[in-house]
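Here is what each chain is made of, one letter per residue.
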Amino acid sequence: MSNYDKMITRQRQWMFYLLAVLVLCAGFLPYPRVFFGLILGSIISLYNLWLLQSKTAKLGETVAAGGKARGGLGTFTRMAAAVLGVLIAMRFEEHFHVMAVIIGILSSYFVIALDIIVYQLSLRNQEED
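Attention in this report is confined to the structure presented alongside it. (Residues numbered from 1 in each chain as written. Predicted model: local features only at pLDDT ≥ 70, side-chain atom pairs only at ≥ 80, totals over all residues. Heavy atoms only, no water.)

## Thoughts on the environment of Leu-114
Okay, step 1: Here Leu-114 shows up in helix 5 (residues 107–128).
Okay, step 2: Linking Leu-114 and Gly-74, residues 40 residues apart in sequence, is a C-alpha distance of 23 Å. (Helix = DSSP H or I, 4+ residues; strand = E, 2+ residues; numbered from the N terminus.)

Encoded structure:
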């Protein structure tokens, strides 16, 4: 398995762990509306992460095979998914906190940054051994 495939797997695992924690928080803490918003935003963020990773892999394979890079990385689709999430939150405002949805949509970027930090620290520890 290549480093890129391992990175994809780690980032998706982090996102699933985050979603599990948010579901537990929504069930046990007294702010379910906020956590439902975070869950909705994080699900959209997971979809966007998956879409970006799959488009990047296809683009990399095309370029590595000597082909011409055609198409984009799905920016419009990812933006449309984010707008759809915010519209859902605004339509069902009694169930979802709008700002929490927006913060949830950004969660994949926090996961990517956290993954990079943890990976770099693990590389540094392996070099010291």
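## Structural notes on helix 4 (residues 98–105)
Okay, step 1: Taken together, the buried positions of helix 4 are Val-98, Ala-100, Val-101, Gly-104 and Ile-105. The buried residues of helix 4 occupy an angular sector of 160 degrees when the element is viewed end-on, so they sit on one face.
Okay, step 2: Considering only its buried residues, helix 4 is in contact with helix 2 (32–64), helix 3 (75–91) and helix 5. (Buried < 20%, exposed > 50% of the residue type's maximum accessible area, 1.4 Å probe, protein only. Arc of directions from axis to C-beta. Contact = heavy atoms within 4.5 Å.)

## Concerning the nonpolar core
Okay, step 1: Counting residues in each nonpolar core, the largest one holds twelve residues, listed as Met-15, Leu-19, Leu-22, Cys-25, Ala-26, Phe-35, Leu-38, Ile-39, Leu-46, Leu-49, Ala-100 and Val-111.
Okay, step 2: Secondary structure elements with two or more residues in this core: helix 1 (3–28) and helix 2.
Okay, step 3: Residues in contact with Leu-38, not counting those within four places in the same chain, are Leu-22, Ala-100, Val-101, Ile-103 and Gly-104.
Okay, step 4: One finds Ala-89, Phe-96, Val-101 and Ile-105 within the second-largest nonpolar core, a separate group that totals ten residues. (Core = buried A, V, L, I, M, F, W, Y, C linked by side-chain atoms within 4.5 Å.)

## Quick look at the environment of Ile-103
Okay, step 1: Here Ile-103 is to be found in helix 4.
Okay, step 2: Judged by its relative accessible area of 45%, Ile-103 is partly exposed.
Okay, step 3: Along the primary structure Ile-103 and Glu-61 are separated by 42 residues, whereas in three dimensions their C-alpha atoms are 32 Å apart.

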